[in-house]
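# Structure at a glance
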Amino acid sequence: MQRHLIVLDLDGTLLTDEKVISQKTKNTLLQAKDEGHEVMIATGRPYRSSEMYYKELGLTTPIVNFNGAFVHLPMSNTWNTWHKPIELKVVKEVVEAVQSFSIKNMLAEVLDDVYLHYHDEKMISAFALGNPHITTGDLRTFLKTDPTSLLIHAEEESVDLVRKHLRDVHAEVIDHRRWGAPWDVIEIVRSGLNKAVGLAQVSEYLNIPKERIIAFGDEDNDLEMIEFAGVGVAMGNAIAPLQNIANEITLSNNSDGIAELLIERLQLNK
């Protein structure tokens, strides 16, 4: 069996709904590694909240964070880290413009530093994993550095209006997506970035061609990655648009969908 690159989204894919890696999936991935295959993570999360899973699987591959805005090789000072933040001027323009919509909060991340527009214990709790440095206050004043990403937590009825504004005014400089339930959140990154952009760099570094990439995902931030991979796999719980373009559909994240497909595809011992 030739060496494959196995690419894993985290939430709704590698992780069960309890945010853990099931024992069967973990054992299957470790066996795949033992047989010479490469395993990597590609997530919208920052590194600080994906590091525990990276270490649990004993990975030594580069990781794609922030949906492609940050690609790096942990514990390496020599790998050419990729970080493409949004221009601060653009972020401040967006923050100014969305004041006219029904917005609950906005949050900017500069790698592992978090900036909250309004103090919000629920949001602080959600983003506290990895103990980031958290600053609260008007982003137009407190944010001094180009952020890796910007999140807009909008009232449900405002999400489409905000996204229309972003398309009409800022389409050339930023890309944006809507998060799945339960958050009505619009995530903004620099234009042209997605998981496939990061995956392309890692596959080149590992010298594994597209036809030997098996990528797993469940949400719209996985679309480009699933299209890019030689074998794009949608989880059984994936959104319909992802299932429609995937080469394969496996079982859900709670039913060891990753393990089941890899056992068959890579002829692993059951």
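For clarity, every value in this text was computed on a predicted model and none was experimentally measured.

### Notes on the overall build of the protein chain
Scanning the protein chain from N- to C-terminus turns up 11 helices and 14 strands. For the protein chain, the C-alpha radius of gyration of 19 Å lies close to 18 Å, the compact-globule estimate for 270 residues. Taking the principal axes of its C-alpha atoms as reference, the protein chain extends roughly 55 × 40 × 35 Å. Counting all 270 residues of the protein chain, 55% fall into the buried class. Here the analysis covers contacts within the protein chain between residues at least 6 apart in sequence; of these, 56% occur between residues at least 24 apart. Per element, the accessible surface of the protein chain, about 12,100 Å² overall, is 46% carbon and sulfur. Positive and negative charge centroids in the protein chain, built from 26 and 40 side chains respectively, lie 3 Å apart.

### Concerning the sheet that holds strand 14 (residues 248-249)
Strand order across the open sheet formed by 5 strands is 2-1-12-13-14, with parallel pairing between neighbours. Looking at strand neighbours, the two that pair on one side only are strand 2 (38-41) and strand 14, the edges of this open sheet. Here strand 1 (residues 5-8) runs beside strand 12 (residues 213-217); their pairing, made up of 4 bridges, is parallel. Each residue of the ladder has a partner; that of V7, found in strand 12, is A215. Here helix 11 (residues 257-265) sits on the sheet in contact with strand 1, strand 12, strand 13 (231-234) and strand 14, set at roughly 165° to strand 12.

### Digging into the pattern of salt bridges
Tallied over the full model, the rule gives 16 salt bridges. E51 is paired through a salt bridge with K55; the nearest N and O atoms lie 2.8 Å apart. Highlighted residues: E51 and K55, both in helix 3 (residues 51-56), separated by 4 residues, approximately one helical turn. Take E51: its relative accessible area is 26%, and that puts it in the partly exposed class. We note a salt bridge from R140 to E96, for which the minimum N-O separation is 2.9 Å.

### Some thoughts on the packing of helix 4 (residues 88-97) against helix 7 (residues 159-170)
Each pair of packed helices can be described by the angle between their axes along with the distance between the axes. Two elements in contact, helix 4 and helix 7, have axes whose closest approach is 11 Å; the angle formed by their N-to-C orientations is 135°. On the basis of the axis angle, helix 4 is oblique to helix 7. For the pair helix 4 and helix 7, the crossing hand works out as right-handed. In this structure, helix 4 uses V90, E93, V94 and A97 to contact helix 7, whose residues at the interface are H165, L166 and H170. For the contact of helix 4 with helix 7, the residue count by class is 4 nonpolar, 2 polar and 1 charged.

### Section: the environment of S49
Tracing the sequence through the fold places S49 in the loop between strand 2 and helix 3. A residue is classified by how much of its surface remains accessible, and S49, at 8% relative accessible area, is buried.

### Observations concerning the sheet that holds strand 10 (residues 174-178)
An order of 8-7-6-9-11-10 is seen for the 6 strands of this open sheet, with the pairing classed as mixed. Two strands bound the open sheet, and with one partner strand each, they are strand 8 (133-136) and strand 10. Each strand axis lies, on average, 20° off the axis of its neighbour in the sheet, ignoring direction. As paired elements, strand 9 (residues 149-154) and strand 11 (residues 185-190) share 4 bridges and run antiparallel to each other. Bridging across to strand 11, I152 finds its partner in I186.

Criteria and thresholds
- Residues numbered from 1 in each chain as written.
- Predicted model: local features only at pLDDT ≥ 70, side-chain atom pairs only at ≥ 80, totals over all residues.
- Heavy atoms only, no water.
- Helix = DSSP H or I, 4+ residues; strand = E, 2+ residues; numbered from the N terminus.
- Rg over C-alpha atoms; globule rule 2.2 N^0.38 Å.
- Buried < 20%, exposed > 50% of the residue type's maximum accessible area, 1.4 Å probe, protein only.
- Contact = heavy atoms within 4.5 Å.
- Areas by Shrake-Rupley, 256 points an atom, 1.4 Å probe, with all protein chains shown as cover.
- Lys, Arg positive; Asp, Glu negative; His and termini not counted.
- Charge placed at Lys NZ, Arg CZ, Asp CG, Glu CD.
- Pairing = 2+ DSSP bridges.
- Axes fitted to C-alpha atoms, helices over the stretch in contact; angles between N-to-C directions.
- Salt bridge = Lys/Arg side-chain N within 4 Å of Asp/Glu carboxyl O.
- Parallel < 35°, antiparallel > 145°, perpendicular 65-115°, else oblique.
- Left-handed = near helix turned anticlockwise from the far one by under 90°.
- Nonpolar A, V, L, I, M, F, W, Y, C, P; charged D, E, K, R; others polar.

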